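Topology and contacts: notes
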Amino acid sequence: MHIVRRRGWEIPESRVTPEAAVIGRRTLLGTSLALSVANMAVAQTAEVGPGGAGPRNPKYLAGRDITPETAATTYNNYYEFSEGKNLWRSAQQLKLRPWTVVIDGMVAKPQTLDIDTLLKQVKLEERIYRHRCVERWAMTVPWTGFPMTELLRVAGPQPSAKYIVFESLADKKMMPGVRSPLYPWPYIEGVAIDEAANDVAFLSTGMFGKPLTPQNGGPLRVTLPWKYGFKSAKALVRISFTDKRPVSLWEQINPDEYGFWANVNPGVAHPRWSQADETLIGDERTVKTVIYNGYGDFVAGLYDGRKSEKLFT
Ligand code: MTE
């Protein structure tokens, strides 16, 4: 069945910065002393906690100010809780411990790991990444977590595995949105194995030097900053390796609007939103969107042999 549903994802007019007020900002990734100093100030407030602490990896600088923590933790997309943005209170119902993650499918040894056991097997670090939603809002977040290459090491995919499927928790008791029959729960998303092996692909366990909040996808979420935010599934309970390309929750509902690759590109509009620019949550300026969200140097090569695919939807 082809259900077309409005997502309630639009930013209200009142949140959109008037064009005249838009300040020309550098949109390419790069270093800036002022930004680095601002970033460091945030790091020094880092709290030690499972999933929350790790040294900053200086290779990844967003070239933008970090979004205020209160904005990044109170303006969310999480349909298991609500179709609106103001769901952080409701998300506190989600219990983040005990928590297990199943790793299965085409792997050397399928396993069910307690999240804290998994955390002991990986080296946590902090990366400041841009985060761009297809609804054209954006944030800059200091995530703590580990590169997806670490997941590949822990899982040991078989050579025939081509894709990874990420499955989010779907618990009717704790998540009111999951009681809605309108969505084909659970939320699933996926990446190709070579995308996962890329340096930028990340799994987050914390943000702002603290363990990840329930509303932002705690205790474990995907973080793929060169793709639209819907690719980054929250509250992971299963990670499966397969040779079949997965069809995500959004693609099942509306394949004309949501594809598998979903790489950020200002030149390819979504049917409901131009992707030419984006509004920065927390300060409300609008800036130009850049291809691969600024991560082209790291990821563009992944798509050289895939030009016939719909890479940007
Ligand atoms: N993961 C699950 N399980 N459920 C969701 O509704 N929304 C996605 C993604 N991951 C979503 C999800 C979308 S559309 C975006 S833009 C980001 O989460 C938002 O992440 P944030 O709330 O931490 O900013």
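Higher on the page you've got the structure.
Okay, so let's go over this structure. Not measured: the values here are computed from a predicted model.

**Details of the overall build of the protein**
Within the protein one finds eight helices and twelve strands. Residues classed as buried in the protein amount to 57% of the 313 residues present. Restricting to contacts in the protein with at least 6 residues of sequence separation, those with at least 24 account for 74%. Of the roughly 13200 Å² of accessible surface on the protein, 57% is carried by carbon and sulfur atoms.

**Some remarks on the pairing of strand 11 (residues 277–280)**
Where strand 4 (residues 137–147) lies against strand 11, two bridges are found, and the strand directions are parallel. Residue pairing in the sheet places A138 in a bridge with L280 of strand 11. Taken together, the three bridges between strand 11 and strand 12 (residues 286–288) define a ladder with antiparallel strand orientation. Pairing of E278 across the sheet is with V287, part of strand 12. Counting the residues that bridge the hairpin from strand 11 to strand 12 gives five residues, and of these G282 lies at a positive phi of roughly 100°.

**Description of unusual backbone geometry**
At the junction of W185 and P186, the peptide bond is cis and its omega measures out at 5° in the coordinates. Along the polypeptide, P186 turns up in the loop between strand 5 (163–168) and strand 6 (188–192). A cis amide bond, omega 0°, links G218 with the succeeding residue P219. Mapped onto the elements, P219 comes out in the loop between strand 8 (210–211) and strand 9 (221–223). Its identity is not glycine, yet R136 carries a phi of approximately 75°, on the positive side.

**Quick word on the nonpolar core**
The biggest cluster of nonpolar side chains holds 89 residues, and the ones touching the most others in it are I164, F166, W226 and F241. Residues in contact with I164, not counting those within four places in the same chain, are L151, L152, E189, G190, V191, I193, A196, I239, S240, F241 and P246.

**Concerning the site of the ligand**
Around the ligand, 18 residues are found, and the nearest of them are Y79, E80, H131, R221 and K234. Note that an oxygen atom of the ligand is positioned 2.7 Å from one of the side-chain N or O atoms of K234. In isolation the ligand offers 530 Å² of accessible surface; the protein chains occlude 100% of this area. In terms of residue class, the shell around the ligand is made up of eight nonpolar, seven polar and three charged.

Analysis parameters
- Residues numbered from 1 in each chain as written.
- Predicted model: local features only at pLDDT ≥ 70, side-chain atom pairs only at ≥ 80, totals over all residues.
- Heavy atoms only, no water.
- Helix = DSSP H or I, 4+ residues; strand = E, 2+ residues; numbered from the N terminus.
- Buried < 20%, exposed > 50% of the residue type's maximum accessible area, 1.4 Å probe, protein only.
- Contact = heavy atoms within 4.5 Å.
- Areas by Shrake-Rupley, 256 points an atom, 1.4 Å probe, with all protein chains shown as cover.
- Pairing = 2+ DSSP bridges.
- Core = buried A, V, L, I, M, F, W, Y, C linked by side-chain atoms within 4.5 Å.
- Near = heavy atom within 4 Å.
- Polar contact = N/O pair within 3.5 Å; in protein donor to acceptor, adjacent residues only side chain to side chain.
- Nonpolar A, V, L, I, M, F, W, Y, C, P; charged D, E, K, R; others polar.

Everything listed is a geometric property; what it means functionally is a separate question.
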